[in-house]
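Letter by letter, the chains look like this.
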Amino acid sequence: MKKILFSVLAGAFFFSCSNTNDDLPVNTDEKYLDGIFVSNEGNFTKGNATSSFINGNLSTITNDIFKLSNGRSLGDVSQHMVVTDKYVFIIMNNSNTIEVVNKKTFKLVYTITQNVSSPRFATVKNNKLYVTSLFNAEVNVYNTDTFAFIKTINLNHTAEQIVATDNYIYAANGFYSGGTTLEVINPETDTNTTDVNINQAINNIATNGQNVFVLSANDTTSSISIVSNNSVLTTKVLNQPIARNLVSYTNYLYYTAGTGVYKINNDLTTESSKLFNVADGDEYSIFYGFNVINGSIFTADAKGFADNSKIVIYKENGTIINEFNAGIGTNGFYKF
């Protein structure tokens, strides 16, 4: 009797499970559910910027996904991306637009054009998108749900990269390695408050959500500074000149110098260690794109913008995980 009852119940259970799975709606447009978005800058004035997608196990790449989903080209100079829970904001510098696409389908949702002035980099805080401008000393702010323009925040200098921490927004005045100021924005009032001065020209900034790490350099030396709230906590002088990229991942910072990839504790109490070298080439081109995502190190050689970029993904010990060809001028990798 128990055997018969078990068979009846088991049949009902499996039938129920099968029905539930069969009834799940499937959206065939949702092709991008787990992986890495790639920004391919394109040649200035040529309108050949593209976006790519590397799947979650890093085995395949799909190129030009904006055109695949929307039937038109992305535009001129894809400078930066911001990925949120629902959307990807693609900062189009020379097109003077911010293209907003659905994160899972990459279908166009909205094109922001109001008060967009040669946009460069962006960050999100409190449901607001903060965007720097190439020619104007300002940050323009937009609602990330309605995409409406909110206000312009005046800065003391033009700014490039911008990051958000728990308390503040930081915009780096580092245009072509010429700026030394980190401008601090209060996200509650959206006003520029105290500025933080860095000793050397700023090449890159990164954050772990609490502190900002500032990579600065000149022809003979490089430094990483930790900035908390409105002041520099400490500065570590590195042994390499002209370090270019900086990424915060777990409790470490990763940066590049020459053809090398380096790693250092994010409290800067230890010396940095060299992880591996990439292939020889122009150091500006071989690390045009760089990031550390889920423990994998992503690099992109822009090939001098004369050919499609080559993406190489490494383990920390220098073992190559995979290689891909992407679009022109690959400049960024962004976690889904």
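Look up: the structure comes first, before these words.
So, a few notes on the structure that sits alongside this text. (Residues numbered from 1 in each chain as written. Predicted model: local features only at pLDDT ≥ 70, side-chain atom pairs only at ≥ 80, totals over all residues. Heavy atoms only, no water.)

## Concerning the sheet that holds strand β4 (residues 78-83)
Piece 1. If you walk across this open sheet you meet the 4 strands as β4-β5-β6-β7, and the pairing is antiparallel. Of all the strands in the sheet, the pair left with one neighbour each is β4 and β7 (108-112). Each strand of the sheet is rotated relative to its neighbour by a mean of 20 degrees, with strand direction disregarded.
Piece 2. Pairing between strand β6 (residues 97-102) and β7: 4 bridges, direction antiparallel. Counterpart to Glu99 in the pairing with β7 is Thr111. (Pairing = 2+ DSSP bridges. Helix = DSSP H or I, 4+ residues; strand = E, 2+ residues; numbered from the N terminus. Axes fitted to C-alpha atoms, helices over the stretch in contact; angles between N-to-C directions.)

## Overview of unusual backbone geometry
Piece 1. The phi dihedral of Ile242 is positive, around 50 degrees, even though this residue is not glycine.
Piece 2. Checked against the element boundaries, Ile242 lands in the loop between β19 (231-238) and β20 (246-249).

## Digging into the side chain of Asn331
Piece 1. Its place among the elements puts Asn331 in strand β28 (residues 330-335).
Piece 2. You can call Asn331 buried: its relative accessible area is 15%.
Piece 3. If we skip the residues at most four places from it in the chain, Asn331 touches Ser39, Glu41, Ser78, Gln79, Tyr288 and Gly289. (Buried < 20%, exposed > 50% of the residue type's maximum accessible area, 1.4 Å probe, protein only. Contact = heavy atoms within 4.5 Å.)

## A closer look at the environment of Gly56
Piece 1. On the secondary structure map, Gly56 appears in the loop between β2 (50-55) and β3 (61-62).
Piece 2. For Gly56 and Asp34, which are 22 residues apart along the polypeptide, the C-alpha to C-alpha distance reads 5.1 Å.
Piece 3. Apart from the residues within four sequence positions on either side, Gly56 is in contact with Asp34 and Gly35.

## Quick notes on the sheet that holds β3
Piece 1. Pairing in this open sheet of 4 strands is antiparallel, and the strands run β3-β2-β1-β28 from one edge to the other. Where the open sheet ends on each side, the last strands, each with one partner, are β3 and β28.
Piece 2. Taken together, the 6 bridges between strand β1 (residues 35-40) and β2 define a ladder with antiparallel strand orientation. Bridge pairing links Ile36 to Ile54 in β2.

## A closer look at the pattern of salt bridges
Piece 1. Within the structure shown, the criterion is met by 7 salt bridges.
Piece 2. One salt bridge in this structure joins Arg72 and Glu99, with 3.2 Å as the shortest N-O distance. Taken together, the residues Arg72 in the loop between α2 (65-70) and β4 and Glu99 in strand β6 connect sequence positions 27 residues apart.
Piece 3. According to the relative accessible area criterion, Glu99 is buried, its value standing at 3%.
Piece 4. Among the ionic pairs, Lys236 bridges to Glu271, the shortest N-O distance being 2.8 Å. Placement of the pair is Lys236 in strand β19 and Glu271 in the loop between β22 (260-265) and β23 (273-277), with a sequence separation of 35 residues.
Piece 5. On the accessibility criterion, Lys236 (14% relative accessible area) is buried.
Piece 6. In this structure Glu271 comes out as exposed when scored by relative accessible area, which is 54%. (Salt bridge = Lys/Arg side-chain N within 4 Å of Asp/Glu carboxyl O.)

## Remarks on the pairing of β4
Piece 1. β4 sits mainly inside the fold: 5 of its 6 residues count as buried.
Piece 2. Two elements, β4 and strand β5 (residues 87-92), share 5 bridges in a ladder whose sense is antiparallel. Among the inter-strand pairings, His80 is bridged to a residue of β5, identified as Ile91.
Piece 3. Here β4 folds back onto β5 in antiparallel fashion, the turn holding 3 residues.

## A short note on the packing of aromatic side chains
Piece 1. A full pass over the atoms with the stated rule returns 17 aromatic pairs.
Piece 2. Aromatic side chains Phe37 and Phe53 sit 5.2 Å apart centroid to centroid with 55 degrees between the ring planes, which places their arrangement in the tilted category. Taken together, the residues span a long stretch of sequence, with Phe37 in strand β1 and Phe53 in strand β2 at a distance of 16 residues.
Piece 3. Note on Phe53: relative accessible area 5%, which makes it buried.
Piece 4. An angle of 55 degrees between the planes, with centres 6.5 Å apart, marks the rings of Tyr249 and Tyr254 as tilted.
Piece 5. Above the ring of Phe336, the side-chain terminus of Lys103 is found at 4.3 Å from the ring centroid.
Piece 6. Residue placement shows Lys263 over the ring face of Tyr252; its charged tip is 4.0 Å from the ring centre. (Phe/Tyr/Trp six-rings, centres within 6.5 Å; stacked < 30°, edge-to-face > 60°. Lys NZ or Arg CZ within 6 Å of the ring centre and 35° of its normal.)

Note that every value here comes from positions in space, so none of it alone points to a role or purpose.
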